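# What the coordinates show
Okay, here's what each chain looks like letter by letter:
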Amino acid sequence: MASKNYRRKPTTKRKSNTRSKWIFYFISFVLFLFVAIGIYTFRDGFLYYLGFKTDKNVETLSKEERKLADIRIYEVLHKHDDKAIGFDVSEYQSEIDWEQTYHIDESFELSFVFIRATAGKNKIDSKFKENWKASKERQLIRGAYHYYRPNENSIEQAENFIKTVKLEKGDLPPVLDIEKLPKSQSIDSLKVGLRRWLKKVEKHYKVKPIIYSGESYYTDFLKEEFSDYPLWIANYNFWRNHLEDDWLFWQFTEKAQIQGIEGMVDVNIFNGDKNKLLLKCIR
């Protein structure tokens, strides 16, 4: 009996080894498939990087992160080269050399810029006045946005924006930037405040404001009651390559590099060409 049992053990071991190999091969195949799909989806970006991006680097990202960001940015812009492209800035970008802000990677023309004007009931962006004037001189289509603080009075926030921003013919409509959930009020109260800000600003400028928010935030909290407003949506998902039909603007990255601006910059795509964008401006 002992000798028979002894002879059977290698058979069991061989079956176990065979099963392990098949599991390994299957997992390897799945991983290869994902990599292959990724390379195919972003093939133009990979070729672009390998051809032209060998010396690009930013201190805030590792070389691999910078490479991946460059690939995605190029790929998305390449797919939307028929649309107007722009960026957005605030005091966090510090001093900007506006005379250099003409292109991304010398390939994609920049047509518009959104500039932070105010935040909450009393904050004025320290670079707004300078950026607002300089972007006009640079002949960019410009727009101003307000960073909404959910726990502060909405009317006072609207008055802060109105007092700070003097929109002119050719400027984009005002923008309400809402990203945070309230700490001391309900979602319903937040919506009341947002509606008050939007109505007051619309009454003053005689144009419907644009709502900026993350896609998930907008879908979960705003879409049902604010879908009648133009949308500027932020979504940095690596696998998203297009705008939805109801998005006026899409902020697809926060990791771009633009000559004349230190550090990383948000880049936005308008859902149309420059001529269509001009039709959205104040007349």
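Cut-offs used in this document
Residues numbered from 1 in each chain as written. Predicted model: local features only at pLDDT ≥ 70, side-chain atom pairs only at ≥ 80, totals over all residues. Heavy atoms only, no water. pLDDT = per-residue confidence, 0-100. Contact = heavy atoms within 4.5 Å. Helix = DSSP H or I, 4+ residues; strand = E, 2+ residues; numbered from the N terminus. Polar contact = N/O pair within 3.5 Å; in protein donor to acceptor, adjacent residues only side chain to side chain. Buried < 20%, exposed > 50% of the residue type's maximum accessible area, 1.4 Å probe, protein only. Salt bridge = Lys/Arg side-chain N within 4 Å of Asp/Glu carboxyl O. Phe/Tyr/Trp six-rings, centres within 6.5 Å; stacked < 30°, edge-to-face > 60°.

Detailed reading of the predicted coordinates is not advisable wherever pLDDT is low. Here the chain shows a mean pLDDT of 88. Residues at 70 or above account for 85%. Every residue in residues 1-6 is under pLDDT 50, and counting partners more than four places away or in other chains gives zero contacts. Contacts of residues 43-58 to residues separated by more than four positions or lying in other chains number 29 contacts, the stretch itself having pLDDT below 50.

Here the focus is the side chain of Thr253. Looking at the secondary structure, you find Thr253 in strand E10 (residues 249-256). Side-chain polar atoms of Thr253 contact the backbone nitrogen of Lys255, separated by 3.0 Å. If sequence neighbours within four positions are ignored, Thr253 has contacts with Ile73, Tyr236, Val265, Asp266 and Val267.

Let us look at the environment of Ile211. Considering the arrangement of structural elements, one finds Ile211 in strand E8 (residues 210-214). The buried category is assigned to Ile211, whose relative accessible area is 3%. The spacing of Ile211 and Asp177 is 34 residues in sequence and 6.2 Å in space, taken between C-alpha atoms. Not counting residues within four places of it along the chain, the set of residues in contact with Ile211 comprises Leu176, Ile178, Leu198, Leu222, Phe226, Tyr229, Pro230, Leu231 and Trp232.

Take the pattern of salt bridges next. Here the structure, examined in full by the defined rule, presents 17 salt bridges. Between Arg240 and Glu215 there is a salt bridge whose closest N-O contact spans 3.6 Å. With Arg240 in the loop between strand E9 (231-234) and E10 and Glu215 in helix H7 (residues 215-226), this residue pair connects regions lying 25 residues apart in the sequence. Linked by salt bridges that have partners in common, Glu91, Arg116, Lys123 and Asp125 make up one network.

Counting through the fold element by element, Asn235 comes out in the loop between E9 and E10. Taking relative accessible area as the criterion, Asn235 reaches 14% and is therefore assigned buried.

Take the packing of aromatic side chains next. Taken as a whole, this structure holds 18 aromatic pairs when the rule is applied. With a centroid separation of 6.0 Å and 35° between ring planes, the pair formed by Phe87 and Trp98 is classed as tilted. One end of the pair, Phe87, is in strand E1 (residues 85-89); the other, Trp98, is in the loop between E1 and strand E2 (103-104), and 11 residues separate them in sequence. With relative accessibility at 0%, the residue Phe87 sits in the buried group. Judged by relative accessible area, Trp98 falls into the buried class, the value being 6%. Taken together, the ring pairs in this structure connect Phe112, Phe114, Tyr145, Tyr212, Trp232, Phe249 and Phe270 into an aromatic cluster.

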